[in-house]
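What follows is the residue order along each chain.
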Amino acid sequence: MIAIRKRSAIALTIASVIGLAAFTWPLIVTPESDIARGGDAPWTFALLLPLVLAVVLAELSDKGMDSKAIAMLGVLSALGAAIRPLGPGTAGIETVFFLMVLGGRVFGPGFGFVLGNTTLFASALLTGGVGPWLPYQMLGAAWVALGAGLLPQWRGKAEIALLAAYGVASSLVYGFLLNLSFWPFAVGEGTSVSFDPNSSPATNLVRLAAFTLATSLGWDLMRAVTTAVLVAVTGPVLLRTLRRAARKAAFEPVSNKELAQTIDDKRDV
């Protein structure tokens, strides 16, 4: 696991707070504010988020990741960009989230944050999916991979079960957050699922839940199922492969238990 320096942790925290505001502004703005009734909020945050992400990525890269870590980042990002078109959101099927979960798990939350950003950015360039929604997708994916690096350090079948369950939960939260980013302008005014700047945050949250249930829950569930299945199927092999690569690159110290596992892996080949 690649350690995070104190300055990097602070940058990640600040970026996450700003990102959370970018997603949840419909629930926290006052009815009197211009942003509550205008259509500029998504565009404003869409322009702000890339600047915030650029600062964090620069901070994480500055003495936080050496050339070997950057090379690994490039490999995983390219692989994710290549496999994403195999399931380009059709019926909710996403073939890239499992890789971000496994990468964040092995290399840590800082690496995972960068991996989520670069993977979604590269795949957007490859598939022509660049638009005002991209910064939100990048940040959401970054949180998915970051969270995987913060999970308890279990091993064996318990670890696979944990990562599969996390894949389900994070996929659903990701879809919910993306809905929240554009929901106020998606259905117009006056419906039972419309954003109402005069209502309380709790009321708007209920409206958002109804909107999600009516429009995208099926897609989000398919993303969750796809991620969980791919983690369960590929996890044992990919985790072992990535950890072996991390040990050879000296990203982390090797314990006696891990050394014994490496010997066993070589015997199995």
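Residues numbered from 1 in each chain as written. Predicted model: local features only at pLDDT ≥ 70, side-chain atom pairs only at ≥ 80, totals over all residues. Heavy atoms only, no water.

> Honestly, the packing of helix H5 (residues 97-107) against helix H10 (residues 217-248) in this entry has me stumped. Any pointers?
Packed helix pairs are specified by the crossing angle of their axes together with the interaxial distance, meaning the distance between the axes. Their axes nearest at 8 Å, the elements H5 and H10 cross at an angle of 40 degrees. The interaxial crossing formed by H5 with H10 has right-handed handedness. Two secondary-structure elements touch here, H5 through Phe97, Phe98, Leu102, Gly103, Arg105, Val106 and Phe107 and H10 through Arg223, Thr227, Leu230, Val231, Thr234, Gly235, Leu238, Leu239, Leu242, Arg243 and Ala246. Here the residues of the contact of H5 with H10 sort into 11 nonpolar, 4 polar and 3 charged. (Axes fitted to C-alpha atoms, helices over the stretch in contact; angles between N-to-C directions. Helix = DSSP H or I, 4+ residues; strand = E, 2+ residues; numbered from the N terminus. Left-handed = near helix turned anticlockwise from the far one by under 90°. Contact = heavy atoms within 4.5 Å. Nonpolar A, V, L, I, M, F, W, Y, C, P; charged D, E, K, R; others polar.)

> Quick question: what am I supposed to make of a nonpolar patch on the surface here?
Taken together, the side chains of Phe121, Leu125 and Val130 make up a nonpolar region of the molecular surface, amounting to roughly 290 Å² of accessible area. Mapped onto the elements of the fold, valine 130 is located in the loop between helix H6 (109-127) and helix H7 (134-149). (Patch = residues over 30% accessible without salt bridge, like charges linked within 9 Å, V, L, I, M, F, W, Y side chains within 5 Å. Areas by Shrake-Rupley, 256 points an atom, 1.4 Å probe, with all protein chains shown as cover. Salt bridge = Lys/Arg side-chain N within 4 Å of Asp/Glu carboxyl O.)

> Explain the packing of aromatic side chains to me, please; I cannot follow it from the model alone.
Each aromatic ring pair is characterised by the separation of its centres together with the angle its planes make. Within this structure, the stated rule accounts for 6 aromatic pairs. Between arginine 223 and the ring centre of phenylalanine 97, over which it is positioned, the NZ or CZ distance is 5.8 Å. (Phe/Tyr/Trp six-rings, centres within 6.5 Å; stacked < 30°, edge-to-face > 60°. Lys NZ or Arg CZ within 6 Å of the ring centre and 35° of its normal.)

> I'm lost on the pattern of salt bridges in this one. Help?
Pairing is possible between side chains that carry opposite charge, provided their charged atoms lie close to one another. Under the counting rule described, the total for this entry stands at 5 salt bridges. One salt bridge in this structure joins arginine 84 and glutamate 94, with 3.6 Å as the shortest N-O distance. In this pair, arginine 84 is assigned in the loop between helix H4 (67-83) and H5 and glutamate 94 in the loop between H4 and H5, connecting sequence segments 10 residues apart. Residues arginine 84 and glutamate 94 agree in their burial class; the two are buried. For the salt bridge of glutamate 159 with arginine 243, the shortest nitrogen-to-oxygen distance reads 2.5 Å. Here glutamate 159, found in helix H8 (residues 157-182), pairs with arginine 243, found in helix H10; they are 84 residues apart in sequence, far enough to count as distant. Classification of glutamate 159 by relative accessible area gives buried; the value is 2%. (Buried < 20%, exposed > 50% of the residue type's maximum accessible area, 1.4 Å probe, protein only.)

> Would you take a moment to explain the environment of leucine 115 for this structure?
By the element assignment, leucine 115 lies in helix H6. Measuring from C-alpha to C-alpha, the distance between leucine 115 and methionine 138 comes to 9.5 Å, with 23 residues separating the pair along the chain. Apart from residues lying up to four places away in sequence, leucine 115 is in contact with Leu73, Leu76, Ser77, Leu99, Met100, Gly103 and Gly104.

> Looking at this structure, how should I read the nonpolar core?
Taken as a class, soluble globular proteins show a tendency for nonpolar side chains to be buried jointly. Ranked by size, the top nonpolar core spans 53 residues in total, and within it Leu76, Phe107 and Phe113 carry the most contacts. Put simply, the parts of the chain that give this core at least two residues each are helix H1 (6-28), helix H3 (41-61), H4, H5, H6, H7, H8 and H10. Counting residues in each nonpolar core, the second largest holds 7 residues, with Leu27, Leu180, Trp183 and Val193 among its members. (Core = buried A, V, L, I, M, F, W, Y, C linked by side-chain atoms within 4.5 Å.)

> Which parts of the structure should I look at to understand the side chain of glutamate 159?
A polar atom in the side chain of glutamate 159 sits 2.8 Å from the side chain of arginine 105. When neighbours within four sequence positions are excluded, glutamate 159 is seen to be in contact with Arg105, Trp154, Leu239 and Arg243. (Polar contact = N/O pair within 3.5 Å; in protein donor to acceptor, adjacent residues only side chain to side chain.)

> So what exactly am I meant to see when it comes to the packing of H7 against H8 here?
For the pair H7 and H8, interaxial distance at closest approach is 10 Å and the crossing angle is 155 degrees. Between H7 and H8, the angle is such that the two are roughly antiparallel. Between H7 and H8 the crossing geometry is right-handed. For the pair H7 and H8, the contacting residues are Tyr136, Gln137, Gly140, Ala141, Trp143, Val144, Gly147 and Ala148 in the first and Tyr166, Ser170, Tyr174, Leu177, Leu178 and Ser181 in the second. Its residues assigned to classes, the contact of H7 with H8 shows 9 nonpolar, 5 polar and no charged. (Parallel < 35°, antiparallel > 145°, perpendicular 65-115°, else oblique.)

Remember that the coordinates give geometry; whether it matters functionally is a separate question.
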